Amino acid sequence: MQEKARQELLKSIYEQHWLHARHVENERLWFTNIFALIVAGLLAFLATIDRQLLSLFAIYAGCFIFILSMLGYFLCLTWRAPFVEHVTLAYKMLQDALLQRYAPYTAEAFKIIKIGWITAHELFLYFYALMAGVGLFLLLYIGLARFYWWISIMLFITLCALWRGLLARREVKYRKEMGVQE
């Protein structure tokens with residue numbers, strides 16, 4: 001009887017870790033939904049205004065999109081830590097043989113189908129990096145009359161390199177230290 005109680009406790013803790021990880025993903029998705037609505041509304045508004053007022057509104061819209069994009073980028077980075085922590089702890093719990101049947105994504109079909117070198121998390125980061133570049137482009141090129149437009153491209157490259165070059169390595173190192181292999 002005690003072994004069955006232990007198994008149920010481990011199962012409920014395991015499920016809680018996966019629920020917390022899913023909650024973090026949902027937070028990111030909701031922020032992205034709201035962000036997309038705001039940006040779509042701003043761009044639709046910019047498309048309908050008079051040419052004489054375009055540069056003035058482009059400055060404000062560009063600043064707003066840039067700030068929201070940077071907020072989204074750094075929120076995605078912030079939300080990544082609890083997501084990785086919960087997923088890592090859930091995988092560590094799978095070392096207990098009683099929980100092996102609850103393991104997601106361990107089937108051979110998943111290993112065959114999953115291809116590519118980019119994760120969903122990275123897609124969100126690249127999306128926000130691109131939108132930060134678009135906001136800066138609106139501000140500098142359209143709003144300030146073709147003033148240093150290339151800075152928006154440099155920002156995009158820098159934000160992409162920040163994740164790919166520095167932060168992703170920390171995550172891989174953490175997972176190896178915790179003894180979890182993907």
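Quick caveat: nothing in here was measured; it's all calculated off a predicted structure.

About the thresholds
- Residues numbered from 1 in each chain as written.
- Predicted model: local features only at pLDDT ≥ 70, side-chain atom pairs only at ≥ 80, totals over all residues.
- Heavy atoms only, no water.
- Helix = DSSP H or I, 4+ residues; strand = E, 2+ residues; numbered from the N terminus.
- Buried < 20%, exposed > 50% of the residue type's maximum accessible area, 1.4 Å probe, protein only.
- Contact = heavy atoms within 4.5 Å.
- Areas by Shrake-Rupley, 256 points an atom, 1.4 Å probe, with all protein chains shown as cover.
- Core = buried A, V, L, I, M, F, W, Y, C linked by side-chain atoms within 4.5 Å.
- Axes fitted to C-alpha atoms, helices over the stretch in contact; angles between N-to-C directions.
- Parallel < 35°, antiparallel > 145°, perpendicular 65-115°, else oblique.
- Left-handed = near helix turned anticlockwise from the far one by under 90°.
- Nonpolar A, V, L, I, M, F, W, Y, C, P; charged D, E, K, R; others polar.
- Patch = residues over 30% accessible without salt bridge, like charges linked within 9 Å, V, L, I, M, F, W, Y side chains within 5 Å.
- Salt bridge = Lys/Arg side-chain N within 4 Å of Asp/Glu carboxyl O.
- pLDDT = per-residue confidence, 0-100.
- Phe/Tyr/Trp six-rings, centres within 6.5 Å; stacked < 30°, edge-to-face > 60°.

When helices and strands are tallied, the protein shows five helices and zero strands. Traced from its N-terminal end to its C-terminal end, the protein shows the element sequence α-α-α-α-α. With 182 residues in all, the protein has 35% of them scored as buried. Sequence-distant contacts, at least 24 apart, represent 81% of the contacts inside the protein between residues at least 6 apart. As presented, the protein carries roughly 11800 Å² of accessible surface, and 68% of it is formed by carbon and sulfur atoms.

What follows deals with the nonpolar core. Nonpolar side chains in soluble globular proteins generally cluster together in the buried interior. By size, the foremost hydrophobic cluster in this structure holds 34 residues, and its most contacted members are Phe35, Tyr73, Tyr128 and Leu159. Of all the secondary-structure elements, those providing two or more residues to this core are helix 1 (2–48), helix 2 (51–93), helix 4 (120–143) and helix 5 (150–177). Element by element, the count of residues in this core is highest for helix 2, at twelve residues. Sequence-distant contacts of Tyr73, that is, excluding residues within four places in its chain, are made with Leu125, Tyr128, Ala129, Leu159, Leu162 and Trp163. Core analysis: the next-biggest nonpolar cluster, separate from the first, contains five residues, Tyr14, Ala90, Met93 and Leu94 among them.

Two numbers describe how helix 1 lies on helix 4: the axes approach to 13 Å, and their chain directions differ by 25°. In terms of axis orientation, helix 1 runs roughly parallel to helix 4. Once helix 1 is placed against helix 4, the crossing between them reads as left-handed. Contacts between helix 1 and helix 4 pair Arg28, Leu29, Phe31, Thr32, Phe35, Val39, Leu43 and Leu46 from the former with His121, Phe124, Phe127, Tyr128, Met131 and Leu138 from the latter. For the contact of helix 1 with helix 4, a count of residues per class yields eleven nonpolar, two polar and one charged.

Moving on, we get to a nonpolar patch on the surface. Together, Leu144, Phe147, Tyr148, Trp149, Trp150, Ile151, Ile153, Met154 and Ile157 give the surface a local cluster of nonpolar side chains, amounting to about 850 Å² of exposed area. Summarising the element assignment, Phe147 is placed in the loop between helix 4 and helix 5. Since its relative accessible area comes to 40%, Phe147 is described here as partly exposed.

Closest axis-to-axis distance for the helix 1/helix 2 pair is 9 Å, and the angle between their directions is 170°. The pairing of helix 1 with helix 2 is recorded here as roughly antiparallel in orientation. Along the lines of polarity and charge, the residues of the contact of helix 1 with helix 2 split into 32 nonpolar, five polar and three charged.

This part takes up the side chain of His86. Of note, His86 is situated in helix 2. What makes His86 buried here is its relative accessible area of 19%. Setting aside its immediate chain neighbours within four residues, His86 contacts His17, His20 and Ala21.

Mapped onto the fold, His17 is located in helix 1. Judged by relative accessible area, His17 falls into the buried class, the value being 14%. Taking the C-alpha atoms as reference points, His17 and Phe83, separated by 66 residues in sequence, lie 9.1 Å from one another. Excluding its chain neighbours within four sequence positions, the residues that come into contact with His17 are His86, Leu89, Ala90 and Met93.

With that settled, the discussion passes to the confidence of the model for the protein. On average, residues of the protein score 80 in pLDDT, and 80% of them are at 70 or above. Mean pLDDT values over the elements of the protein span from 50, in helix 3 (residues 108–113), up to 88, in helix 1.

Evaluation of the coordinates by the stated rule reveals eight aromatic pairs. When the centroid spacing of 6.4 Å and the interplanar angle of 70° are considered together, the rings of Phe31 and Trp79 count as edge-to-face. Taken as a pair, Phe31 in helix 1 and Trp79 in helix 2 lie far apart in primary sequence, 48 residues in all. Accessibility expressed as a relative area gives 17% for Phe31, which makes it buried. On the basis of an interplanar angle of 70° and a centroid distance of 5.1 Å, the ring pair of Phe35 and Tyr128 is categorised as edge-to-face. Note that Phe35 is positioned in helix 1 and Tyr128 in helix 4, a separation of 93 residues in sequence. Of the two residues examined, Phe35 and Tyr128, each falls in the buried class. An aromatic cluster is built from Phe31, Phe35, Trp79, Phe127 and Tyr128, whose rings are joined through pairwise contacts.

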